[in-house]
Amino acid sequence: MIYITDKAKERVLQIHDEEHLGADYFLRISVVGGGCSGLSYKLDFDNEPQKGDQVFEDKGIKLVTDIKSFLYLCDTTLEFTAGLNGKGFHFINPNASRTCACGESFAV
């Protein structure tokens, strides 16, 4: 499962509305190579499911990931913060053994 906090849900819905996206769009979460720790998170809106996608719903938000990314994202929570340390989405990933200072990349 992949989870989303209430604050992240609010921000996702706000961006969805600002971009004038249809109801068929969902949040695609993936893991790509890169970043100072080796792996980085990627968030996009998408409306084209792919073969092998893992589909979850939390708090009414449809969260989709490919199977390879899910191996890194299992039980991860998507958070949104707007504090003094930076505004943006952050991942609370219990599978990460190391994260970089900015929180945008990780290693397992």
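Residues numbered from 1 in each chain as written. Predicted model: local features only at pLDDT ≥ 70, side-chain atom pairs only at ≥ 80, totals over all residues. Heavy atoms only, no water.

Novice: Would you mind showing me how to read unusual backbone geometry here?
Specialist: A negative phi holds for most residues other than glycine; trans holds for most peptide bonds. The backbone of Lys59 shows a phi angle near 55 degrees, a positive value even though the residue is not glycine. Looking at where Lys59 falls in the secondary structure, it is placed in the loop between β4 (54–58) and β5 (61–65). Even without a glycine there, the phi angle at Asp75 is positive, about 70 degrees. Within the secondary structure, Asp75 sits in the loop between α2 (67–73) and β6 (77–83). (Helix = DSSP H or I, 4+ residues; strand = E, 2+ residues; numbered from the N terminus.)

Novice: What should I look at first to understand the environment of Ile29 in this one?
Specialist: Here Ile29 lies in strand β2 (residues 26–33). Residues Ile29 and Phe45, 16 residues apart in the sequence, show an inter-C-alpha distance of 8.8 Å. Not counting residues up to four positions away in its chain, the partners in contact with Ile29 are Ile2, Lys42, Leu43, Leu63, Val64, Thr65, Ser69, Leu73 and Phe91. (Contact = heavy atoms within 4.5 Å.)

Novice: Mind showing me how you'd approach the packing of aromatic side chains here?
Specialist: We describe a pair of aromatic rings using the distance from one ring centre to the other and the angle between the two ring planes. One pass over the full model with this rule turns up three aromatic pairs. Each ring, one from Tyr41 and one from Phe91, has its centre 3.9 Å from the other, and the planes form 15 degrees; the classification is stacked. Of this pair, Tyr41 sits in strand β3 (residues 39–46) while Phe91 sits in strand β7 (residues 86–92), placing them 50 residues apart in sequence. (Phe/Tyr/Trp six-rings, centres within 6.5 Å; stacked < 30°, edge-to-face > 60°.)

Novice: Any chance you could explain the side chain of Ser69 here in plain terms?
Specialist: Within the fold, Ser69 resides in helix α2. Classification of Ser69 by relative accessible area gives buried; the value is 2%. Discounting chain neighbours no more than four positions away, the residues touching Ser69 are Ile29, Ser30 and Val31. (Buried < 20%, exposed > 50% of the residue type's maximum accessible area, 1.4 Å probe, protein only.)

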